[in-house]
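So you can see what is in the structure, the chains are spelled out below.
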Amino acid sequence: MASITRREEADFVVVGSGASGAAVTWSLAEGGFNVVCLEQGPWINPKYYATNSPDWQYLQRTKWDYSPNVRKLPQDYPVNDENSQIKVVMYNAVGGSTIHWTAHVPRFHPSDFRVKSLDGVAEDWPISYFELEPYYDLNDKMMGCSGINGDPANPPRSPRQMPPIPLGHDGERMARAFDELGWHWWPSDSHVNSIDYKGRKACNFCGPVGLNCERGARASTDITYIPDATKLGAEIRPNSTIYEIVSDPKGKVRGVNYFTEQGVAEFQPAKGVVVAANGIGTPRILLHSKSESHPTGLANSSGMVGKNLMFHVYAGANGLLNDLPTPTYQGPQALIIMSQEFYETDPSRGFKRGYTFQIGRGQGPAATAIGNAPWGAKHHEEFERNFGKNFGLGAIGDDLPEEINRVELDPKLTDRYGIPAPKVIYRVGDNSKKMLAHAVKQAEKVLNKAGATNITRNPLSTNTGWHLMGTARMGEDPSRSVVDNYGQAHDVDNLFIVDGSVFVTGGGVNPTPTIQALALRTADYIRHKRTDLKS
Amino acid sequence: MTHLHSNPSLQTAVLDIIIEPVDDLPGAGGLGLESEIMRMSNEHHKFSGVLIQIINLIETNITTEPDTKDGKDRLISSISTVESNYPDIFELFIELIYLAYYSDPRVHRRIGWKTGPIQPNGHLLPPWDESILNNVKNKEPFWIHVE
Ligand SMILES: Cc1cc2nc3c(=O)[nH]c(=O)nc-3n(C[C@H](O)[C@H](O)[C@H](O)COP(=O)(O)OP(=O)(O)OC[C@H]3O[C@@H](n4cnc5c(N)ncnc54)[C@H](O)[C@@H]3O)c2cc1C
């Protein structure tokens, strides 16, 4: 410690600038706190997004791949996921994984917070949907939400900022198929602009939402929360890799040790620390921050740090829509409609909780060929059959927590600074398997109704570990959880966790609006109840 | 023409089998994708050395194929053997060849794809039409109310 450069003390240091870190940084700055947000990745200039390059198909599978293990950029830490049925994906930069996300933003249902009471599985959350609702609304305002009220599967809510993204011919065809089956569907809520919003342009439907665009049509936190936070005086310090949260003999945290881009170690003191490094990065840092007062890792007296890892489980069916007026690759890849016909528990199905159907469009030529056309004599025939016609219906299933699914520190693998890499141990549970088998059958029914041909089943997607949840969960019982219902660590009253780690259960929807709403709620709590941490 | 492998005619023949000629377009071998494949292999570790490794394996394996088959059949069966014995690296090889082939403007012209970056032009979709909701919005709310 003695040789480490010491920075000036901040009120709060926030670890990570992704979906949750940016939201909390903005809110704390707005509340008059002096905040420094440290981010291991760099700023990305939108000029260099892959969508601006003729080489975008190659970039999508190399430097812009979803997996840090493929990209191997200097800011990416390796993830040992050999023992995980689902592979981890994320992005490390200012904006975090929202640089890559698809921005599909359904909310949890009220029942998701009460799974123990309703279904006798996992645990209830220590908060309710309705306590979170104002923060969902605030987050929508900050990110910009396209969608429409009236969905019978969800509670009524305040209007979205923008009308829905148009469904396209393919989306309309699928909507009619759901109608014919008498099943629920609704236009997707998305943090993608359907009209210009807050200086960011409307989407022009180029396709691969995950590659981002210079128009700023798809919200990512580097162009939403962060510019607003810096205007309020927050400092974003990129290329700063935290390797340890420092605690004193009394167990309180005092700041963070980090490496600058040049590999120089520095200490950023702070009155409080907020960790927002995602469901893999957060347990990694906590487990690596052992000290005399926290011998098993920071905030880990319960032994729950790293445990209960949840992804969402994905399965579904694919088919060809041969008679549409436009190709299926036209339009945002995954933001069309969703169906929550099978969201709530129905005991007759043989599993607890449920899933949401989402639609995936066709892709560009290389991805179509890679996924569908074998090498050799049949190549051109198969390519032509699929290109502009293929289409998928995927289910995203509620993946119940199990302690054996976990993140540990790898004993050998390290990042470029020698910090242990996370080792992920995960297998799909029995409830999830039954749920997915059900989903595949129902997906086939919808595709048949839509007139799709060449329907194939996808029993489990494996490169889809983009929802990272549960590894520092919230709860009322300090022996069974890591943080309380405001994200404050049970063991350390000036340490807060705000990313997907704090999830008690995963719900059957994409998690980010819930992550961001929780982060805003934690920030609100700090602003009102922890003024002792303000200079 | 640059060749990545020391046996250029074998390399061309293999690539022409992976993606055959079609209409007036040569196959992936005859199209002259070598410099593009080389660039792609050099610019990212993912594909580094992949092509040479696979062609070497095919070259070694071909000697074990029965010579009752004609040249092309022997090559196809050698490629299949390498595919089953080395599935991971073979998958990368196919990905690399497909990426190079489907990034080529001549191929784009043939399949009706607009060459170049996908921004800033995008696509047109028919505008949002609320009447599509007529059916579903009459469904009774079915979310579960719990505090
Ligand atoms: C391809 C893809 C598609 C997705 N699509 C959707 C979607 O449609 N809808 C949805 O709801 N969600 C989606 N997600 C998930 C969504 O991106 C995440 O849920 C969300 O970004 C998580 O927010 P977070 O703040 O927890 O973590 P992140 O956004 O991952 O941010 C964590 C940040 O912490 C930084 N960090 C980590 N460790 C350190 C360290 N030691 N020092 C300094 N900084 C550190 C990282 O660099 C990163 O920037 C998608 C994700 C991906 C990858």
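Residues numbered from 1 in each chain as written. Chains lettered and ligands numbered in written order. Predicted model: local features only at pLDDT ≥ 70, side-chain atom pairs only at ≥ 80, totals over all residues. Heavy atoms only, no water.

(A) Spatial organisation of the sheet that holds strand 11 (residues 355-360) of chain A. What the six strands build is an open sheet, ordered 4-10-11-12-9-15 (chain A); its pairing is antiparallel. In this open sheet, the two strands that pair with only one neighbour each are strand 4 (186-187) and strand 15 (453-458) of chain A. (Pairing = 2+ DSSP bridges. Helix = DSSP H or I, 4+ residues; strand = E, 2+ residues; numbered from the N terminus.)

(B) Examining the packing of aromatic side chains more closely. Applying the stated rule across the entire model yields 35 aromatic pairs over all chains. Relative to Phe 503 of chain A, the ring of Trp 125 of chain A lies with its centre 5.2 Å away and its plane at 65°, an arrangement referred to as edge-to-face. Placement of Trp 125 of chain A in the loop between helix 4 (115-119) and helix 5 (129-143) and of Phe 503 of chain A in the loop between strand 16 (495-497) and helix 12 (512-529) is noted, with a sequence separation of 378 residues between them. A relative accessible area of 2% places Trp 125 of chain A in the buried class. Note on Phe 503 of chain A: relative accessible area 0%, which makes it buried. Cluster of aromatic residues (ring-pair linked, three or more members): Trp 56, Tyr 329, Phe 383 and Phe 387 of chain A together with Tyr 98, Tyr 101, Tyr 102 and Trp 113 of chain B. (Phe/Tyr/Trp six-rings, centres within 6.5 Å; stacked < 30°, edge-to-face > 60°. Buried < 20%, exposed > 50% of the residue type's maximum accessible area, 1.4 Å probe, protein only.)

(C) Up close: the pairing of strand 2 (residues 10-15) of chain A. All names here are of chain A. With respect to burial, strand 2 is a largely interior element, six of its six residues being buried. Inspection of the sheet shows strand 2 paired to strand 8 (residues 265-275) by five bridges, in the parallel sense. Within strand 8, the position partnered with Phe 12 by the bridge is Gly 272. Looking at chain direction, strand 2 and strand 3 (residues 35-38) are connected through four bridges and run parallel. From the neighbouring strand, Val 13 faces strand 3, where its bridge partner is Val 36. Following the chain from strand 2 across helix 1 (residues 19-30) to the adjacent parallel strand 3, one finds a crossover that is right-handed. (Right-handed = clockwise from strand over helix to strand, strands pointing away.)

(D) Focus on helix 11 (residues 430-449) of chain A. Residue and element names in this part refer to chain A. Its 20 residues give helix 11 an end-to-end C-alpha distance of 29 Å, which sits within 8% of 28 Å, the value for a rise of 1.5 Å per residue. As for helix 11, its buried residues are in contact with helix 6 (168-181), strand 9 (313-320), strand 11, strand 12 (390-397) and strand 15. One or two steps after helix 11, the chain reaches Gly 451, where phi turns positive at roughly 85°. (Expected span 1.5 Å × (residues − 1). Contact = heavy atoms within 4.5 Å.)

(E) A look at the interface of chain A and chain B. Facing the 72 residues of chain A at the interface are 59 residues of chain B. Both faces combined, the contact of chain A with chain B buries some 5,500 Å², and carbon together with sulfur accounts for 67% of it. On the chain A side of the contact with chain B, Tyr 58, Trp 375 and His 380 of chain A bury the most area, a combined 16% of that side's loss. Here chain A is connected to chain B by four salt bridges. Measuring nitrogen to oxygen at the nearest pair gives 3.8 Å for the salt bridge that ties Lys 139 of chain B to Glu 341 of chain A. Sorting the residues of the side of chain A that touches chain B by element identifies helix 2 (56-60), helix 3 (68-71), helix 6, strand 4, helix 9 (365-372) and helix 10 (379-386) of chain A as the ones contributing at least two each. (Buried area = accessible area lost by both parts, 1.4 Å probe. Salt bridge = Lys/Arg side-chain N within 4 Å of Asp/Glu carboxyl O.)

(F) Seen up close, unusual backbone geometry. Here Gln 119 of chain B and Pro 120 of chain B are connected by a cis peptide whose omega angle stands at 10°. The residue Pro 120 of chain B is located in the segment after helix 6 (105-111) in this model. The phi torsion at Ala 122 of chain A lies on the positive side, around 45°, for a residue other than glycine. Examined against the element boundaries, Ala 122 of chain A turns out to sit in the loop between helix 4 and helix 5. Using a relative accessible area of 26% as the deciding quantity, one classes Ala 122 of chain A as partly exposed. Here the phi dihedral of Asn 454 of chain A falls at roughly 50°; this positive angle occurs in a residue that is not glycine.

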